[in-house]
Every structure is written in C-alpha cells, then in structure tokens.
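# Tertiary structure, described
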Amino acid sequence: MNNSTLIQYFRRLNAKDLREMDKFVRSPFFNSKAEIILLFEHLRTLVQKPTAALQKEKVYAHLFPQKAYDEKQLGYLLSELVQLIKRYLAISVAEQEQNQQQVHLCRALRQRRMDKQFQQELELAHKKLNKQSLRNSEYHYHHYLLQQEKVAYNFVTLDQRRSGAELLEKVNTSLTTFYIIELLRHGCDILALQSLKAHDSNLDLLEEVLRYIQQKEQMTQLPAISIYYHSYQAMKTFEKEQTSDSIDHFKILKSEIQQHWQ
C-alpha cells in the first residue's frame, strides 16, 4: 500500500493542505460517507509512521473492526478518497483565480436567467479586470471569456439582433490578441531552447502571424505583443548573425521593457 496513488498524494500534501482536506472531507457537500472521514483521519496519522502500519488489512480492520476483510469494499473507499483529494487540489487552485471565478459566476447567473444580477456581475468583472496593471495574455483571455458570456446572454434576448455582430467582433479581437501573445511567447521559448540544442521546429503559423503583425501596425501598440514580437525578431536574426535588424529589434525591445516594466 506504500506505493499506492493515495499514499503518494498524502505524502505530497503539506500541513496546510491536510488541515483544509480535513474540512473538505467533513463537508456534506463533497462527502456524505462517515467511513471516508475515518479513512482520511487514519491515513493522515499513519502516513509518517513505519511502513508496516500501511497494510490494507489493518486499515480495513480500523474502519470495520467487526467485519471480515473485504478488499473490494476497501478499494472503493480508497478510490473515493483519491477522487476527493483530486477535487480539493483542483478547487484550491481555482480559489486563487479570481478572474476565472467571476467568469463562472456570470455563467451561472446567465444560465439561471438572473438577468439583473448577471448584468451587475458582468460589469463588476470588467471593472476588476481593467484595474489590473498587468496586461498579459491572461488578461486578454479573461476579457475574451467575459465577452463570450455577453454574447451567449444576448443570443436569448432582443439585444442580439442589434448588437450581436459588434459583440462578436470584440470577442474575435480579444481571442486573436490572446492567441498572438501566446504564440509569440512560445516562439521565444522555442528559440531559446534551440540555442541550447539544435532542433528543427515547425513555426509556419508563427511566421504567418509575424507577417500579420507587420501589416497591422496597431497590433504592436499592445505592450505584450510588441515585447514578444521584438524579442522573437531580435533572437531570430541574432542567432544567424548580428545585423542592424537584430540590433534595431533589441533597442525597441529594451525601450518597451523600460516603458512597460510593470
């Protein structure tokens, strides 16, 4: 049992995780089985003890002292506890994503046709997002998700007829911006790795995006796009040989970073 998935999870949980998990398994919303609570408590105390204590038969005897060992029943309980731990870990990360939570709240209100509350929370979400000084790809991604919620809401209202095309254009702009930033960022990562180890990468789509940015000069008015664009171009031209182009891109990159350091 020492090398089981459940025990591996237990050994990776820190003190805070274990305290929170204790509350988690006791919550009727997530778990309604008393034996799961008992199993968690028991394993929590055993996991740091000698390996001999981590035997399935002994664990089962602790849970059901009056019953004969039933490996199938214990297997179900162990599996359920693993799923609870996975759910706790997912939720603990989700709790840190405030923007994502606001998107989920808007979606829940929209699905329940709580129109007034939906409009209020959507407006609040936009205000919170626009207060952020960091305008990275994540910012544009959450902007895209909020626009998507507004489009989905308008599809079931008369407003869709009047503003549907305009909203979809905003959705497309946010999605395109997010995608270009991420593509450029990954392109920079690939070039950095290639400088350490020779490797041919298929960057055809990225090359198309670079041409698109060159044609649409307004794209480089967004700091995140401009910084990654000039970073990529400087690295790409410099790895062949130092040219005036690579120096120009590096100068612009340096200026952009100094101007938009925050």
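Residues numbered from 1 in each chain as written. Predicted model: local features only at pLDDT ≥ 70, side-chain atom pairs only at ≥ 80, totals over all residues. Heavy atoms only, no water.

### What about the overall build of the protein chain?
- Along the protein chain, the regular secondary structure elements total 12 helices and 0 strands.
- Along the protein chain, helices (α) and strands (β) appear in the sequence α-α-α-α-α-α-α-α-α-α-α-α when read from the amino end.
- The C-alpha radius of gyration computed for the protein chain amounts to 26 Å, which surpasses the reference 18 Å derived for 262 residues by more than 25%, pointing to a less compact arrangement than a globule.
- Summarising its shape, the C-alpha atoms of the protein chain cover approximately 80 × 55 × 30 Å along the three principal directions.
- Long-range pairs, those at least 24 residues apart, make up 59% of the contacts in the protein chain between residues at least 6 apart in sequence.
- As displayed, the protein chain offers around 16700 Å² of accessible surface, 52% of which is attributable to carbon and sulfur atoms.
- Of the side chains in the protein chain, 36 bear a positive and 31 a negative charge, and the two mean positions are spaced by 7 Å. (Helix = DSSP H or I, 4+ residues; strand = E, 2+ residues; numbered from the N terminus. Rg over C-alpha atoms; globule rule 2.2 N^0.38 Å. Contact = heavy atoms within 4.5 Å. Areas by Shrake-Rupley, 256 points an atom, 1.4 Å probe, with all protein chains shown as cover. Lys, Arg positive; Asp, Glu negative; His and termini not counted. Charge placed at Lys NZ, Arg CZ, Asp CG, Glu CD.)

### Some thoughts on empty space enclosed by the protein
- Here the structure, examined in full by the defined rule, presents 1 cavity of 30 Å³ or more.
- If you trace the largest cavity, you find it lined by Asn99, Gln102, Val103, Ala125, Lys128, Leu129, His142 and Leu146.
- Those elements giving two or more residues to the lining of the largest cavity turn out to be helix H6 (98-111), helix H7 (115-131) and helix H8 (137-154).
- In the lining of the largest cavity, the residues fall into 4 nonpolar, 3 polar and 1 charged. (1 Å grid on protein atoms, 1.4 Å probe; cavity = no way out; pocket = protein on both sides within 12 Å on 5 of 7 lines; lining within 4 Å. Points joined across faces, edges and corners; volume = space filled by probe spheres on them. Nonpolar A, V, L, I, M, F, W, Y, C, P; charged D, E, K, R; others polar.)

### Focus on the nonpolar core
- Residues Leu6, Phe10, Met21, Leu39, Leu43 and Leu81 are the most contacted members of the largest nonpolar core, which totals 28 residues.
- Sorting elements by how many residues they give to this core places helix H5 (residues 71-94) first, with 8 residues.
- When near neighbours in sequence (up to four residues on either side) are disregarded, Met21 contacts Leu13, Phe40, Leu84, Ile85 and Tyr88.
- By size, the runner-up hydrophobic cluster in this structure holds 16 residues, among which are Ile181, Leu191, Ala224 and Tyr232. (Core = buried A, V, L, I, M, F, W, Y, C linked by side-chain atoms within 4.5 Å. Buried < 20%, exposed > 50% of the residue type's maximum accessible area, 1.4 Å probe, protein only.)

### Regarding the packing of helix H1 (residues 5-12) against helix H3 (residues 34-46)
- The N-to-C vectors of H1 and H3 enclose an angle of 65°; their axes lie 11 Å apart at closest approach. The element H1 and its partner H3 pack so that their crossing is right-handed. Residues Leu6, Ile7 and Phe10 of H1 pack against Phe40, Leu43 and Arg44 of H3. (Axes fitted to C-alpha atoms, helices over the stretch in contact; angles between N-to-C directions. Left-handed = near helix turned anticlockwise from the far one by under 90°.)

### Notes on the environment of Ser4
- By the element assignment, Ser4 lies in the segment before H1.
- Sequence-wise, Ser4 and Val59 are 55 residues apart; in three dimensions their C-alpha atoms are separated by 14 Å.

### With respect to the packing of aromatic side chains
- This model, assessed by the stated rule, comprises 9 aromatic pairs.
- Where Phe24 meets Phe30, the ring centres are 4.1 Å apart and the plane angle is 15°; that geometry is what we call stacked.
- Judged by relative accessible area, which is 8%, Phe24 ranks as buried.
- Pairing Tyr141 with Phe178 gives two aromatic rings, centres 4.9 Å apart and planes at 40°, and the pair type is tilted. Of this pair, Tyr141 sits in helix H8 while Phe178 sits in helix H9 (residues 159-196), and the two are 37 residues apart along the sequence.
- On the basis of relative accessible area, Tyr141 is assigned to the partly exposed category, the value being 29%. (Phe/Tyr/Trp six-rings, centres within 6.5 Å; stacked < 30°, edge-to-face > 60°.)

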